[in-house]
Amino acid sequence: MPKSGSGNTTDKLFANQRAMAIPDLKRYAGELDLDQLAFDACLDSGETADLVRQDIAEAESYGVTSTPTLFINGRMISGALPFETFETVINDELARGER
């Protein structure tokens, strides 16, 4: 995505997860004060579409169906979970390594 602008792209996309069609993305670029011509050209070119498809296919091959998803020593942790969940998994993995 072309850099510049004054808004927070991540916040915008997160807040509008159900509206991600090409016209929506172009509108968000304008709302975020991105370089509209560069953004539109990049999106219209499809230049990175194959990379995105490859990332999706790889994630799906590991069983990822949503974000956020993290792996800790191969253990999949899916969802926006509290710190304690991660702490428990990490401590379990550390204990396993000590055996």
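Residues numbered from 1 in each chain as written. Predicted model: local features only at pLDDT ≥ 70, side-chain atom pairs only at ≥ 80, totals over all residues. Heavy atoms only, no water.

A. Representation of the overall build of the protein chain. Scanning the protein chain from N- to C-terminus turns up five helices and two strands. Going residue by residue from the N terminus, the α and β elements of the protein chain occur as α-α-α-α-β-β-α. Its C-alpha radius of gyration of 18 Å places the protein chain more than 25% over the 13 Å reference for a compact globule of 99 residues. Each of the three principal axes of the protein chain carries a C-alpha extent, and together these read 60 × 25 × 25 Å. Across the 99 residues of the protein chain, 17% fall into the buried class. The contacts of the protein chain with a sequence gap of at least 6 include a subset with a gap of at least 24, amounting to 23%. Working note: accessible area of the protein chain is about 7,500 Å², and carbon and sulfur atoms make up 55% of it. Here the protein chain contributes 9 positive and 17 negative side-chain charges, whose respective centroids are spaced 4 Å apart. (Helix = DSSP H or I, 4+ residues; strand = E, 2+ residues; numbered from the N terminus. Rg over C-alpha atoms; globule rule 2.2 N^0.38 Å. Buried < 20%, exposed > 50% of the residue type's maximum accessible area, 1.4 Å probe, protein only. Contact = heavy atoms within 4.5 Å. Areas by Shrake-Rupley, 256 points an atom, 1.4 Å probe, with all protein chains shown as cover. Lys, Arg positive; Asp, Glu negative; His and termini not counted. Charge placed at Lys NZ, Arg CZ, Asp CG, Glu CD.)

B. A look at the packing of aromatic side chains. On inspection of all chains with the given rule, the structure shows one aromatic pair. For the ring pair Tyr 62 and Phe 71, a centre distance of 6.1 Å and an interplane angle of 65 degrees mean the geometry is edge-to-face. Taking the relative accessible area as the measure of exposure, Tyr 62 reaches 53% and is therefore exposed. Given the relative accessible area of 39%, Phe 71 is considered partly exposed. (Phe/Tyr/Trp six-rings, centres within 6.5 Å; stacked < 30°, edge-to-face > 60°.)

C. Up close: the side chain of Glu 93. Among the structural elements, Glu 93 can be located in helix H5 (residues 83-98). Note on Glu 93: relative accessible area 8%, which makes it buried.

That is the geometry; function is a separate question.
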